[in-house]
Each structure stands twice: as structure tokens, then as C-alpha cells.
Protein chains: 2
Amino acid sequence: MTKVPQDARARRKLTNSVKDSVRGMRSELALLNRRISARLELRDGDLDCLELVARLGPVGPSALARAAGVHPATMTGVLDRLEKGGWLTRERDPNDRRSVVLKVRPERVGEVFALYSGMNAALDEICAAFTDSDLLVIADFLDRTATAGHAATRDLDESP
Amino acid sequence: MTKVPQDARARRKLTNSVKDSVRGMRSELALLNRRISARLELRDGDLDCLELVARLGPVGPSALARAAGVHPATMTGVLDRLEKGGWLTRERDPNDRRSVVLKVRPERVGEVFALYSGMNAALDEICAAFTDSDLLVIADFLDRTATAGHAATRDLDESP
DNA sequence: GTCATATAATATGATTTCCGTATCGTACGT
DNA sequence: ACGTACGATACGGAAATCATATTATATGAC
């Protein structure tokens, strides 16, 4: 046994622990999201769609359905719930009268945020335990992972 | 304007960027999970339940339903799909013949893993870009966040 | 301009899922 | 031993999902 392979092994172990931690965090956050959805009397995926509208900005049902990986007809139902709950609005696009533009209702956003308040406060505390440069490293890692997740999703869609 | 408030402001900005990145990553990974579930002909929450069984170890339907925040009767349906797909087994507990023990089928785990292979490879690459000490910091952050998510979920369950 | 075709959103209806409740078998305390 | 609690699932009505059809509008070829 040489010295270098031992380092490589340790390094792989470290990498695997990071990947495990990513999975663990994803799992816990998925669970949290499910409970919050239930509180808002929404289906599981609905909140993800709402977040996607917030993220993508004004967007139409079809584009949103593609982005969310949901059947367009299902999206109609999702949007019915979200609109009825007052979480977003459907407006007709004057330029293309076939299409509809979805916008989150800014005044309601705080209501969703409030349900995340516990998690939010916890995250503030967690961040407080790290140095500025640590936080930069962490944010970098998270962003890269999010981008990789996006790419993996796209690749999956494009393969048979 | 004094110097210290400026630092505090910068710090808050940094913390907020980390929190945004957490949200972004959660959102992308949730999307990826949905597509993978679809590939396996499972419902959205099913894969989370399977992962939970892997995580918790052998467990019964009731305990799993509590952990997943799912109605027990719904869990029966989830398990029917997972069992029919061959992803896990239901065994009777010889000690308590009312109860059933769920176990993931190790030989099928690789099949799920294969669908994550793109993401997995990407994560390896991402990790390769960080130093050992960075990875330790990152894993620590992820674990703390997972724990906080777990606590936030529990708190939500316990409040009215 | 007219017509064919494409596109956006939603309606429709068959199928599946969800979930409150009921049921059945089993364990446990007294 | 008996009553009560508990684990899992069956049952049935309500709701969601999704393939397809429909309606309205836009766009391009001619």
C-alpha cells in the first residue's frame, strides 16, 4: 500500500460523505415542503409550481408545465387550486390572446414565508456559525449543485 | 453611517444569498426527483418513501407513514406500488404478527442509482473543485440544514 | 387576403389515487 | 381472561391525473 492511494481513498470517502449529506438534506427539505403544502391545502407539487413561477417570473401554463415536468392538463388543475387560494393570478396576454400570464401575488408571499419561518430562523443560526469565506464556499457549492440538478433533469428528459 | 453596520449589512446579504441558494438547490433537486419517479412509474412521494425506508432501516407501514407525513391508508397504496415494482419487500414480523417489516431490495437499489448517475457524476466533479477542508465545511453545513429541516417539520406537526 | 397548419389553454371522461372510516387480527395491561 | 389499544388493510366516496378532444387565436404559404 502506498501513501497516495490512501489519500485518494480518504478523499473519496470525504466526497461520498458530502453526497450523502446532499441526499439527506434533500430528503428532509422534501418532507418539510410536503407538510407546508398540506397546511396551505395544496397538493404536493403545487408549491413547487408556485415557487417556479416566482423564480421564472411571469410565464404561461404551457411553459410552466414543461419546466415542472407536469402534463399540461394537470397544470390546469394545479393552477385552479393556486388561483382559487389566491396565490397567483391568471391574466390574458394582450399581444397573444390565446395565452395566459401567471404572476404570483406579492401580498400573499409573506404568508408562505411565515410557514418557513422556523426553518428560516434555523438557517440564520446555522449561517452565523460560519465565517464569511466559508459562506462563500457553501453558496458556491449549492449553486453548482442546483445547476447540476437542472442539467441532470434536462438530460433525463432528452434521453429515450 | 458607521463601519460596523456596513459589515453587518454585508453579512446579512451573504447569509441571504446562502439561503437563496438552499432554496434553489431544493427546487432543482425536487424537480429531478419528480422526473426520476416518473421514469420508475411511481407517484411523486413514492420515491421519498423508498428513500426513507433505506434511511430508517427496516420499519413498519405505520411508522413510515408518520415519518413521511402521509395518511396510513395512503401508505398502503404507496407500498402496493413499491412492492409491485419490486423495490421493497413486506415481511411479517414473527414477534408481533400484526406488524409488517419493510425492507428495500438491495439488488434493485443500483437501478435507482443508475437514474441518478448523471447527477452523481456531476457531484463528483463539483466536489473535486473543493479542498478537503472546504468539503468538511460543506458537509457540516448540509448536515446542520438537514437537521434543522427535520426539526422544522416536527415543529410544524406539533403546532395547531 | 385566404387557407392550412400550429399553438395555447382548457374541457371531457376514463382511470387512478387519496383518505376517512370500518374491519380484522393481534398484543398487552389489569 | 377480558377489555382496550394498536397495526395493517379493505372499502367507498371524493378528488386528482392524464390522454384526448375542443375552442380560440396566431402564423406562414400561396
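In case you missed it, the structure is sitting above this.
All figures in this text were calculated on a predicted structure; none of them were measured in a lab. (Residues numbered from 1 in each chain as written. Chains lettered and ligands numbered in written order. Predicted model: local features only at pLDDT ≥ 70, side-chain atom pairs only at ≥ 80, totals over all residues. Heavy atoms only, no water.)

Asks: Before we move on, can you summarise the relation of the copies chain A and chain B with the specific residues and values?
Replies: Note on the identical chains: chain A maps onto chain B by a rotation of 180° and an axial translation of 0.0 Å, with an RMSD of 0.1 Å. Taken together, the rotation and translation relating the two chain copies correspond to the operation of a two-fold axis. When the interface residues of chain A are mapped onto chain B, 100% of them again lie at the interface, so the same face is used by both copies. (Least-squares fit on C-alpha atoms with pLDDT ≥ 70 in both. Contact = heavy atoms within 4.5 Å.)

Asks: Outline the packing of helix α2 (residues 44-56) of chain B against helix α4 (residues 72-84) of chain B, listing residues and values.
Replies: All names here are of chain B. Two elements in contact, α2 and α4, have axes separated by 10 Å at closest approach and are oriented at 80°. Classified by the interaxial angle, the pair formed by α2 and α4 is roughly perpendicular. When α2 is examined against α4, the residues Asp46, Cys49 and Leu50 are found in contact with a partner set consisting of Met75, Val78, Arg81 and Leu82. For the contact of α2 with α4, the per-class residue count stands at 5 nonpolar, no polar and 2 charged. (Axes fitted to C-alpha atoms, helices over the stretch in contact; angles between N-to-C directions. Helix = DSSP H or I, 4+ residues; strand = E, 2+ residues; numbered from the N terminus. Parallel < 35°, antiparallel > 145°, perpendicular 65-115°, else oblique. Nonpolar A, V, L, I, M, F, W, Y, C, P; charged D, E, K, R; others polar.)

Asks: Outline empty space enclosed by the protein, supporting the account with residue identities and numerical values.
Replies: Applying the stated criterion across every chain yields a total of 1 cavity of 30 Å³ or more. Roughly 250 Å³ of volume is contained in the largest cavity. Around the largest cavity sit 16 residues that line it, and Ala30(A), Asp44(A), Asp48(A), Asp44(B) and Asp48(B) are the ones nearest its centre. For the lining of the largest cavity, the secondary structure elements donating two or more residues are α1 (3-39) and α2 (44-56) of chain A together with α1 (3-39) and α2 of chain B. Residues belonging to the lining of the largest cavity are distributed by class as follows: 2 nonpolar, 6 polar and 8 charged. (1 Å grid on protein atoms, 1.4 Å probe; cavity = no way out; pocket = protein on both sides within 12 Å on 5 of 7 lines; lining within 4 Å. Points joined across faces, edges and corners; volume = space filled by probe spheres on them.)

Asks: Would you mind going over the packing of α2(B) against helix α3 (residues 61-68) of chain B in detail, with residue names and values included?
Replies: All names here are of chain B. In the contact formed by α2 and α3, the axes pass within 10 Å of each other and the chain directions differ by 110°. It follows from the interaxial angle that α2 and α3 lie roughly perpendicular. The chirality of how α2 crosses α3 is right-handed. Here Cys49, Leu52, Val53 and Leu56 of α2 lie close against α3, whose contacting residues are Leu64, Ala67 and Ala68. For the contact of α2 with α3, a count of residues per class yields 7 nonpolar, no polar and no charged. (Left-handed = near helix turned anticlockwise from the far one by under 90°.)

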